[in-house]
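Inside the fold
What follows is each chain in one-letter form.
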Amino acid sequence: MTKPTPSKLAMVPFVSVDNMMKIVNTIGPARVIADIADYIEADFLRWEQFDKTPRVAAHSDEGVIELMPTSDGETYGFKYVNGHPANMSRGFQTVTAFGVLARVDNGYPILLSEMTVLTALRTAATSAVAAKYLAPKTSKTMAMIGNGAQCEFQALAFQEVIGIDTVRLYDIDAVATQKAAKNLSETGLNIVTCSSAQEAVTGADIITTCTADKQYATILTDNMVGAGQHINAIGGDCPGKTELHRDILLRSDIFVEYPPQTRIEGEIQQLNPDHPVTELWKVIAGKSEGRKDAAQITLFDSVGFATEDFSALRYVRDQLDRTGHYSLLDMLADPDDPRDLFGMLRRAG
Ligand code: NAD
């Protein structure tokens, strides 16, 4: 029997960029970030259930393309993501992404989603989760160095989850700072635009570095970081690409997502391979200490890990019925007799 249209069971929900924006604007960006933070925290709490591997990276002179897989035994997920620092000057995004969730029991995909917007949301959410455990409880001011695509998401996350009221913006490109200041103007945050990184960090409880450059950069020098500050280092996420002077690392207590990946990609690629670091999930689970005292410098050496994308995709899937912002893709061949794939092809002709 010929099937004129694929059965709904064989269709895969697809969240386009347009529908992702509709989901986020329906719920509200700050609420979405806080909710994704809850999903990320819940998955960090069951860390040991996940299959984990450093992401699979294909490097080129221009950038990197990476696959980030994981599974909790019931659901499998992966993200495709690139990082091309020169893209921005060519009119492209530095980071673009899409991702998939699939059933482990039969291997069928159950969600295909854009993840460029979602990556910014989940990166901000992850930073906020880390800061919840590591930043001084009284934090009110964040310096934000690098005012590109990730910037406003980070600011919103720290306002919503941590309760900061002031963001001090700096970028080598003043146009980026103006863009971020304008986008954040209606958030209620007190926005201070700065003309140097040194000026931006003055009086900050939290310093976020989120710059893009395929080199060992020194966005923060040792003298710019004082006792008690929390550093949220986002931009150093590739071999040969870091943002902090090594001396800062030697004075800090360093917290990471998945050490085998961070040792390759994070700020700690500048340190000996046995330099002690603490896994963030252990702090969340109460197995390791986070911030111990007011003078300690805490550093979240963020590179982005597969479970965070898995959590974000899980969150998006849970919003589909509620928001209706998705379409169905005919991605699965569905012959009446599973062995008669060729017959299905012939009948369609
Ligand atoms: P982007 O290109 O949109 O913005 C980067 C900004 O950094 C630009 O505005 C640029 O002018 C600025 N910049 C470059 N050098 C600077 C310097 N020395 N001082 C101040 N500003 C400087 O990139 P994006 O999408 O915002 O991403 C930023 C970085 O974060 C990238 O390196 C990306 O790979 C990384 N990232 C990390 C994660 C993670 O999970 N850790 C997730 C997403 C992106």
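Attention here is on the structure that accompanies the text. Predicted model only: the values in this text are computed from it and were never measured.

**Structural notes on the overall build of the chain**
- Across its full length, the chain carries eleven helices and 17 strands.
- By the compact-globule yardstick of 20 Å for 349 residues, the chain fits well, its C-alpha radius of gyration being 21 Å.
- Each of the three principal axes of the chain carries a C-alpha extent, and together these read 75 × 45 × 40 Å.
- Of the roughly 15,600 Å² that the chain leaves accessible, carbon and sulfur atoms contribute 53%.

**Topic: the sheet that holds strand β17 (residues 327–329)**
- Ordered in space as β2-β3-β4-β5-β6-β1-β17, the seven strands form an open sheet in which the pairing is mixed. The strands lining the two open edges of the sheet, one partner per strand, are β2 (56–59) and β17. With direction set aside, neighbouring strand axes in the sheet form an average angle of 20°.
- Examined bridge by bridge, strand β3 (residues 64–71) and strand β4 (residues 75–83) share eight bridges and lie antiparallel to one another. Within the sheet, the bridge partner assigned to L67 lies in β4 and is Y80.
- Taken strand by strand, helix α1 (residues 17–27) contacts β1 (12–15), β6 (109–114) and β17, and its axis lies near 75° from that of β1.

**A short note on the site of the ligand**
- Of all residues adjacent to the ligand, which total 24 residues, the nearest are T94, D171, D237, K241 and S302.
- Within the side chain of Q150, one N or O atom sits 2.9 Å away from an oxygen atom of the ligand.
- A distance of 3.1 Å separates an oxygen atom of the ligand from a polar backbone atom of T211.
- For the shell around the ligand, a count of residues per class yields ten nonpolar, nine polar and five charged.

**Describing the state of the cysteines**
- Applying the stated criterion across every chain, the model contains zero disulfides.
- Here C210 stays unpaired: no disulfide links it, and the sulfur of C151, its closest cysteine neighbor, is 7.4 Å away.
- Take C210: its relative accessible area is 12%, and that puts it in the buried class.

**Notes on the packing of aromatic side chains**
- On inspection of all chains with the given rule, the structure shows eight aromatic pairs.
- A ring pair is formed by Y39 and Y315, whose centres lie 5.4 Å apart and whose planes are at 85°; its orientation type is edge-to-face. Placement of Y39 in helix α2 (residues 29–45) and of Y315 in helix α10 (residues 306–323) is noted, with a sequence separation of 276 residues between them. Residue Y39 shares its accessibility class with Y315, and that shared class is buried.
- For the ring pair F44 and W47, a centre distance of 5.7 Å and an interplane angle of 35° mean the geometry is tilted.
- Residue F44 is classed as buried on the basis of its relative accessible area of 1%.
- Each residue in the set F44, W47, Y258, W281 and F305 is aromatic and connected to the rest through ring pairs, giving one cluster.

**Some points on the sheet that holds strand β9 (residues 190–193)**
- Pairing in this open sheet of eight strands is parallel, and the strands run β9-β8-β7-β10-β12-β16-β14-β15 from one edge to the other. Every interior strand has two partners, whereas the edge strands, β9 and β15 (278–279), have only one.
- Each of β12 (230–233), β14 (253–256) and β16 (298–301) touches helix α3 (residues 116–134); the most contacted strand, β16, lies at about 160° to it.
- Where helix α4 (residues 151–162) meets the sheet, its contacts fall on β7 (141–145), β8 (166–170), β10 (206–209) and β12, and the angle it forms with β7 comes to roughly 165°.

**Quick notes on the environment of D309**
- Along the chain, the position of D309 falls in helix α10.
- Since its relative accessible area comes to 1%, D309 is described here as buried.
- Expressed as a C-alpha distance, the spacing of D309 and L121, which sit 188 residues apart in the sequence, is 9.9 Å.

**Notes on α2**
- In this model α2 runs 24 Å from its N-terminal to its C-terminal C-alpha over 17 residues, within 8% of the 24 Å that 1.5 Å per residue would give.
- A large share of α2 lies buried, amounting to twelve of its 17 residues.
- Restricting attention to buried positions, one finds in α2 the residues A30, V32, I33, A34, D35, I36, A37, Y39, I40, E41, D43 and F44.
- Residues of α2 that are buried in the fold lie against α1, α3, α4, α9 (280–284) and α10.

Rules and cut-offs
- Residues numbered from 1 in each chain as written.
- Predicted model: local features only at pLDDT ≥ 70, side-chain atom pairs only at ≥ 80, totals over all residues.
- Heavy atoms only, no water.
- Helix = DSSP H or I, 4+ residues; strand = E, 2+ residues; numbered from the N terminus.
- Rg over C-alpha atoms; globule rule 2.2 N^0.38 Å.
- Areas by Shrake-Rupley, 256 points an atom, 1.4 Å probe, with all protein chains shown as cover.
- Pairing = 2+ DSSP bridges.
- Axes fitted to C-alpha atoms, helices over the stretch in contact; angles between N-to-C directions.
- Contact = heavy atoms within 4.5 Å.
- Near = heavy atom within 4 Å.
- Polar contact = N/O pair within 3.5 Å; in protein donor to acceptor, adjacent residues only side chain to side chain.
- Nonpolar A, V, L, I, M, F, W, Y, C, P; charged D, E, K, R; others polar.
- Disulfide = S-S within 2.5 Å.
- Buried < 20%, exposed > 50% of the residue type's maximum accessible area, 1.4 Å probe, protein only.
- Phe/Tyr/Trp six-rings, centres within 6.5 Å; stacked < 30°, edge-to-face > 60°.
- Expected span 1.5 Å × (residues − 1).

Structural measurements only, silent on function.
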